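# Observations on chain architecture
Single-letter residue listing:
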2 protein chains.
Amino acid sequence: MSGTRSLADRLFLTLRSEIVEGHIAAGSKVSEPELARRFDASRSSLREALMRLESLGLLERRVNVGARVVDLTERGLLDLYDVREALEGMACRLAAQNRSEEDLVELRQMLNRHEQQEELQKGTAYFQPEGDFDFHFRIVQASNNDLLIDTLCNKLYYRVRMYRYQLGMASPRAHRAFREHSHIIEAIEAGDGELAEILMRRHIRASRSNIEKKLSKTN
Amino acid sequence: MSGTRSLADRLFLTLRSEIVEGHIAAGSKVSEPELARRFDASRSSLREALMRLESLGLLERRVNVGARVVDLTERGLLDLYDVREALEGMACRLAAQNRSEEDLVELRQMLNRHEQQEELQKGTAYFQPEGDFDFHFRIVQASNNDLLIDTLCNKLYYRVRMYRYQLGMASPRAHRAFREHSHIIEAIEAGDGELAEILMRRHIRASRSNIEKKLSKTN
DNA sequence: CACCACTATATTGTCGACAGTTTTGTAGTG
DNA sequence: CACTACAAAACTGTCGACAATATAGTGGTG
C-alpha cells in the first residue's frame, strides 16, 4: 500500500505538534527513553522521529548529549522573517509568471472567503493566524517550484507556527493585511511578477517591523 | 569531548561526497544492507546517515521501499537557481547592512586571490567552480543570519555541487563572473544593500539563463 | 507469447541489549 | 563554604535479531 505511515512517522507528527504548540517547552531537553516509554515505542522509532524534527530545525542534537527543543529568540524570529521575505517574494513572482488557471481560481476563492469572514467579525482582530497562513501557503503552492514549496511549506512554516503559538505574535494588522493580500493577488492575476514580488516583500517586511516594534517595547 | 564525530556522522559525510560526486549514481537505489556490509557498520548507523542525506534533499525515502538518490532534472536545476537568487540576494542585502569589519576584510582578500588566479590562467576557463563557491559561501556567511546561512551552506549548496559535478555546469562565464563578483563586493563595502541585492540576483540569473540556453540546445 | 497467481527471496521497520560517555550526586579537602 | 575528586546513575550510540512488507522469480493458463 502507498499511504502507509510508519510508527516513526506518526511519532514525528505527534511530537511536531507538541513542540509547535509548546506542550514540550522551547529550550527543554528531550529524553529518548522517557518519550519512548510515554508512547510505548522503541528508542529506534523515536530516534528517527527526533532526527526528522532536527531537520525541521525544531530540535538540536549534540553527540552523546541528546536533543533539546530550540529556543525562541527575538533574533531567530527576525531572521525567519528575512528568509520568508526572500522566498515568498520569489514565490509570488513565480506564481505571477505561471498563472495557471486553477491557481488563480483558488486564490480568488480564498480571498473571497476571507473577505466574508472580515465582514462577519468586523473590527475584532479577525485575521486569525490560520487565515494568514492559508494565504501564504497557497501562494507558495502556486509558484510551481518544488524546492521552494518544500522549503517553505514543509520546513520553515513549522518554525513560523511555533513562534506564533508561543510568542503569540498574531498580527493585529487585521484588515490592513487583508487589503495587502488582495493587492498581491491582483498583481498575480495581472501576471505582473515584479509587482507581485515587491508587494509580498513589503507585506512581510511590515509584519516584521511590527514585531520589531513590539519587542523593543517589551525590553 | 566536543568535536567528537559519531559513526553515523562519518558515514553521512562519506556518502554525501559519493552522492555529490556521482560515485553513487543519481536516481539509483540505495540498499541499507549492502552499504552496511561495505562500511562494516550496523544498519542503525547507516540508516541515520541516510536520514540525514534525506534531509539534505540528496535522497528520497519511501516507507517500506527504501531510499533512492534523487535524480537530476533540468527543472530541478532551474528551480534551484530561483531559490538561490532569492536567498543569496537577501544574503547580499544583509551583508551590506551589517558590514562588519572582518567580513569586509575577508571578502576583499578573497577577491584579490581570485584576481591573481585570473591573471595567472588568463583566457582559460579560470573560474573553477571552487572559486565561485568560495565567493557565494563567504557572502552568505557575512549575512549574519543563521537560518539563511544554514539553509544555503549546509543544505542547498550540496545540491548545487551535485548538479555541477554531474551535469558539469561549470560556468564558462569566467572573468565576466569575476567582474560581477567585484561589483557586488563594492556595493557591500558601500553599505548599499539594495544595490548589492540587485547585482547578486542579476549575477545568479545570468548563470541561470546561460544554463537554460545550453539545455535548450542539447534537447 | 503475454499475462496473471503464487512462492521465495530480499529489504525495510521495529525492537531490546550492551558498551561508552555524559551527567548527577556524594564525600572529602582547603 | 567553595571547590575538587570520585562513584553511581542515566543517557546516547551502536549492534544484531525478528516480523511485516515489497520485490523478484517461477510456473501456469489463455
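Throughout what follows, the structure given in this document is the object of discussion. (Residues numbered from 1 in each chain as written. Chains lettered and ligands numbered in written order. Predicted model: local features only at pLDDT ≥ 70, side-chain atom pairs only at ≥ 80, totals over all residues. Heavy atoms only, no water.)

### Brief notes about the interface of chain A and chain B
Counting residues at the interface gives 30 residues for chain A, matched by 30 residues for chain B. When chain A packs against chain B, the two sides together hide about 2500 Å² of surface, and 58% of this comes from carbon and sulfur. The largest contributions to the chain A side of the interface with chain B come from A:Met51, A:Met90 and A:Leu147, which together make up 20% of the buried area. The tally of links from chain A across to chain B stands at six salt bridges. Of the charged contacts, one joins B:Arg61 and A:Glu48 as a salt bridge, the two residues approaching to 3.4 Å between their closest N and O atoms. Put simply, chain A and chain B have twelve residue pairs in polar contact (both at pLDDT 80 or more) between them. Within the residue set of the side of chain A that touches chain B, elements represented by two or more residues are α3 (43-55), α4 (74-98), α7 (146-167) and α9 (193-218) of chain A. The element contributing the most residues to the side of chain A that touches chain B is α4(A), with eleven residues. (Contact = heavy atoms within 4.5 Å. Buried area = accessible area lost by both parts, 1.4 Å probe. Salt bridge = Lys/Arg side-chain N within 4 Å of Asp/Glu carboxyl O. Polar contact = N/O pair within 3.5 Å; in protein donor to acceptor, adjacent residues only side chain to side chain. Helix = DSSP H or I, 4+ residues; strand = E, 2+ residues; numbered from the N terminus.)

### Considerations on the pairing of strand β3 (residues 66-69) of chain A
Here is the key point about a regular strand: its side chains alternate between the two faces of the sheet. Residues and elements named next belong to chain A. Pairing analysis gives two bridges linking strand β1 (residues 29-30) to β3, with the strands arranged antiparallel. Across the sheet, residue Lys29 finds its bridge partner in β3, namely Arg68. Pairing analysis gives four bridges linking strand β2 (residues 59-62) to β3, with the strands arranged antiparallel. Within β3, the residue paired with Glu60 across the bridge is Arg68. Following β2, the chain reverses through three residues before pairing antiparallel with β3; Asn64 in that reversal takes a positive phi of roughly 65°. (Pairing = 2+ DSSP bridges.)

### Considerations on unusual backbone geometry
At A:Asn144, a position not held by glycine, the phi torsion is positive, near 70°. The phi torsion at B:Arg99 lies on the positive side, around 55°, for a residue other than glycine. Counting through the fold element by element, B:Arg99 comes out in the loop between α4 (74-98) and α5 (101-120). Taking the relative accessible area as the measure of exposure, B:Arg99 reaches 38% and is therefore partly exposed. (Buried < 20%, exposed > 50% of the residue type's maximum accessible area, 1.4 Å probe, protein only.)

### Quick word on the sheet that holds strand β2 (residues 59-62) of chain B
Across the sheet, three strands lie side by side as β1-β3-β2 (chain B); this open sheet has antiparallel pairing. Each edge of the open sheet carries a strand with a single partner, namely β1 (29-30) and β2 of chain B.

### What about the packing of α7(A) against α4(B)?
Where α7(A) contacts α4(B), the axes come no closer than 8 Å and their chain directions differ by 50°. Compared by their axis directions, α7(A) and α4(B) come out oblique. Seen from α7(A), the contacting residues are A:Asp146, A:Leu147 and A:Leu148; seen from α4(B), they are B:Asp79, B:Leu80 and B:Val83. A class-by-class count of the residues in the contact of α7(A) with α4(B) yields four nonpolar, no polar and two charged. (Axes fitted to C-alpha atoms, helices over the stretch in contact; angles between N-to-C directions. Parallel < 35°, antiparallel > 145°, perpendicular 65-115°, else oblique. Nonpolar A, V, L, I, M, F, W, Y, C, P; charged D, E, K, R; others polar.)

### As for the pattern of salt bridges
Inspection of the entire model under this criterion finds 40 salt bridges over all chains. Close ionic contact of A:Arg43 with A:Glu32 constitutes a salt bridge, the shortest N to O distance being 3.0 Å. Of the two residues, A:Arg43 is situated in helix α3 and A:Glu32 in helix α2 (residues 32-39); the sequence distance between them amounts to eleven residues. In this structure A:Arg43 comes out as partly exposed when scored by relative accessible area, which is 44%. For A:Glu32, a relative accessible area of 16% puts it in the buried group. Between B:Arg113 and B:Asp134 there is a salt bridge whose closest N-O contact spans 3.7 Å. In this pair, B:Arg113 is assigned in helix α5 and B:Asp134 in helix α6 (residues 129-143), connecting sequence segments 21 residues apart. We classify B:Arg113 as partly exposed; its relative accessible area is 38%.

### Observations concerning the relation of the copies chain A and chain B
One copy of the chain maps onto the second through a rotation around an axis plus a translation along that axis. Of the transformation placing chain A onto chain B, the axial shift is 0.0 Å and the rotation is 180°, giving an RMSD of 0.0 Å. Taken together, the rotation and translation relating the two chain copies correspond to the operation of a two-fold axis. For chain A, the smallest separation between a C-alpha atom and the rotation axis is recorded for A:Ala86, amounting to 2.6 Å. Most of the interface of chain A is mirrored in chain B: 100% of its interface residues are interface residues there too. (Least-squares fit on C-alpha atoms with pLDDT ≥ 70 in both.)

### Overview of the packing of helix α1 (residues 7-20) of chain A against α7(A)
Residue and element names in this part refer to chain A. At a closest axis distance of 8 Å, the pairing of α1 and α7 adopts a crossing angle of 40°. Judged by the angle between their axes, α1 and α7 are oblique. Every residue of α7 that contacts α1 at Arg16, Ile19 and Val20 is listed here: Tyr158, Arg161, Met162, Tyr165 and Gln166. Class assignment for the residues of the contact of α1 with α7 results in five nonpolar, one polar and two charged.

### Brief notes about the sheet that holds β2(A)
Pairing between sheet strands relies on hydrogen bonds along the backbone, with the strands arranged either parallel or antiparallel. All names here are of chain A. Ordered by their spatial adjacency, three strands build an open sheet running β1-β3-β2, and the pairing between neighbours is antiparallel. Edge positions in the open sheet fall to β1 and β2, since each of these has one partner strand only. Those strands touched by α3 are β1 and β2, and its axis lies near 115° from that of β2.

### Structural notes on the environment of A:Glu21
Residues and elements named next belong to chain A. Examined against the element boundaries, Glu21 turns out to sit in the loop between α1 and β1. When the C-alpha positions of Glu21 and Arg161 are compared, they lie 8.1 Å apart, and in sequence the two are 140 residues distant. With residues near it in sequence (within four places) discarded, Glu21 still touches Tyr165 and Gln166.

### With respect to the environment of A:Arg43
The spatial distance from the C-alpha of A:Arg43 to the C-alpha of A:Pro33 is 6.5 Å, given a sequence separation of ten residues. If we skip the residues at most four places from it in the chain, A:Arg43 touches A:Glu32, A:Pro33 and A:Ala36.

### Describing α3(A)
All names here are of chain A. Taking 1.5 Å as the rise per residue, α3 with 13 residues should run 18 Å; its terminal C-alpha atoms sit 18 Å apart, in good agreement. Of all the positions in α3, only Ser45, Leu46, Glu48, Ala49, Leu50, Met51, Leu53 and Ser55 are classed as buried. Following α3 by one or two positions, Gly57 has its phi on the positive side, about 80°. (Expected span 1.5 Å × (residues − 1).)

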